[in-house]
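As a plain string of letters, each chain reads:
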Amino acid sequence: MRKNRQITLNFPLPLPESPPRKKHHLLGFGLLLAVCLSACNTQTTQPQTNQNPASGPTAGDLRNKDKKVILTTFTVLADMAQNVAGDKATVESITKPGAEIHGYEVTPSDLKRGQSANVILENGLNLERWATRFYNSFPKVPHITLSEGVQPVNIAGDAYQGKPNPHAWMSPKNALIYVDNIRKALGNIDPANAATYDANAAKYSEQIRAIDEKLKQAISAIPPDKRYIVSCEGAFSYLANDYGLKEVYIWPVNAEQQSTPKQVERVINTVKENQIPAVFCESTVSNEGQLQVAKETGAKFAGVFYVDSLSPAEGPASTYLKLLEYNVNTLIKGLQGK
């Protein structure tokens, strides 16, 4: 049995025990399900309007076209799955581009889509804490954990001590495991198209390997003692391991309360002591704390990273591969003062 590797934080960051970003109530969820069931029983045959611009037609529409429907918990997984599925299945994300995944609140339309899905793909590693009750509403729909087989990097030093960092997809090496798990899941529910899924997964895996090598070479241009990545959330532990980066962040996992004065002060001290020239924040959370770090240290606030969500189609991180490249390019430009 492999032991989990530990990433030691520069500073222990005290947070409440496993807090969701948003509170959920069993009664409220039950009401959502009741609304969904009522709507499903009375719906007409008119086509629905797609509510997720990243996902293509709705699950209900494409069930009529004899395609399998793949539902994912967030947009990064949807893009991965779409690359494997090609035109043989329909892929939808529960969350829209720009949504924060950790504390997502399920909607009636999500429940409708869940009823029409053939399989649901999740990240796991305690990322989708809201999803258990969602899955329980569809006991006959299998859900597959795509991080299965990844060696977790554990959080160290605060209320999350010993729990796995959920952002494993940020490592291209781990993304290859995700893609293989997607390939297997799609082949199991749709054996007739398994050969196509196998071929698509092989092609996509080569693209991931290529971007991994490209990013590794790009970061090698930064002197090793200057390879700091300062973010709001500790979402880069896996990427930091891959590319020899030193990770600094305000909070380890997105929580309801963020950017406390003590957390900000600790990052300010780290940035000053190491003369780090640039700091960043993720696209789905408030950058207020990091702006204060920049003001107090003289470091430049050099932009946002995309982690829990792709950008809209017209944005800079509209696919998983673009997300990786954009983040690393943004980091390098910031560290080089560009």
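Residues numbered from 1 in each chain as written. Predicted model: local features only at pLDDT ≥ 70, side-chain atom pairs only at ≥ 80, totals over all residues. Heavy atoms only, no water.

Under the defined criterion, the tally for this structure stands at 8 salt bridges. Between Asp110 and Arg113 there is a salt bridge, with its nearest N and O atoms 2.8 Å apart. Linking Asp110 with Arg113, this pair stays in helix α4 (residues 108-116), spanning 3 residues, or about one helical turn. Judged by its relative accessible area of 1%, Asp110 falls in the buried class. Across the salt bridge formed by Lys214 and Glu325, the nearest N and O atoms sit 2.4 Å from each other. Here Glu325 lies in helix α11 (residues 320-335) and Lys214 lies in helix α7 (residues 194-219), a separation of 111 residues in the sequence. Residue class for Lys214 comes out partly exposed when judged on its relative accessible area of 45%. Salt bridges here are not isolated pairs; linked through shared partners, they connect Asp180, Arg183, Lys184 and Asp198. (Salt bridge = Lys/Arg side-chain N within 4 Å of Asp/Glu carboxyl O. Helix = DSSP H or I, 4+ residues; strand = E, 2+ residues; numbered from the N terminus. Buried < 20%, exposed > 50% of the residue type's maximum accessible area, 1.4 Å probe, protein only.)

The strand order β3-β2-β4-β5 describes an open sheet built from 4 strands, whose pairing is parallel. Edge positions in the sheet fall to β3 (89-93) and β5 (143-145), since each of these pairs with one other strand and no more. Within this sheet the neighbouring strands show an average axis-to-axis angle of 25 degrees, counted without direction. Where strand β4 (residues 119-122) and β5 come together, 3 bridges link them in parallel fashion. Within β5, the residue paired with Leu121 across the bridge is Ile144. (Pairing = 2+ DSSP bridges. Axes fitted to C-alpha atoms, helices over the stretch in contact; angles between N-to-C directions.)

Here Ser147 shows up in the loop between β5 and β6 (153-155). Owing to a relative accessible area of 5%, Ser147 belongs among the buried residues under this scheme. Within the structure, Ser147 has its side chain in polar contact with the backbone oxygen of Asn123 (distance 2.6 Å). Aside from chain neighbours lying at most four places away, what touches Ser147 is Asn123, Gly124, Leu125, Tyr178 and Asn181. (Polar contact = N/O pair within 3.5 Å; in protein donor to acceptor, adjacent residues only side chain to side chain. Contact = heavy atoms within 4.5 Å.)

Counting 73 residues, the largest nonpolar core has Met80, Phe134, Trp169 and Tyr320 as the members making the most contacts within it. Here the element with the most residues in this core is α11; it accounts for 8 residues. Ignoring anything within four residues of it in the chain, the contact list for Trp169 reads Phe74, Val76, Met80, Asn123, Leu127, Ala175, Tyr178, Val307, Asp308 and Tyr320. Core analysis: the second largest hydrophobic core is formed by 17 residues, Val230, Val271, Ile276 and Val279 among them. (Core = buried A, V, L, I, M, F, W, Y, C linked by side-chain atoms within 4.5 Å.)

Moving on: the pairing of β4. Of the two faces of β4, the one lined by Val119 and Leu121 and the one lined by Ile120 and Glu122 are each fully buried. Of the pairings in the sheet, the one linking strand β2 (residues 68-72) to β4 comprises 3 bridges and is parallel in character. By the bridge assignment, Leu71 is partnered in β4 with Ile120. In the classification by handedness, the crossover that spans β4, the intervening helix α5 (residues 131-136) and the parallel β5 is right-handed. (Right-handed = clockwise from strand over helix to strand, strands pointing away.)

Structural measurements only, silent on function.
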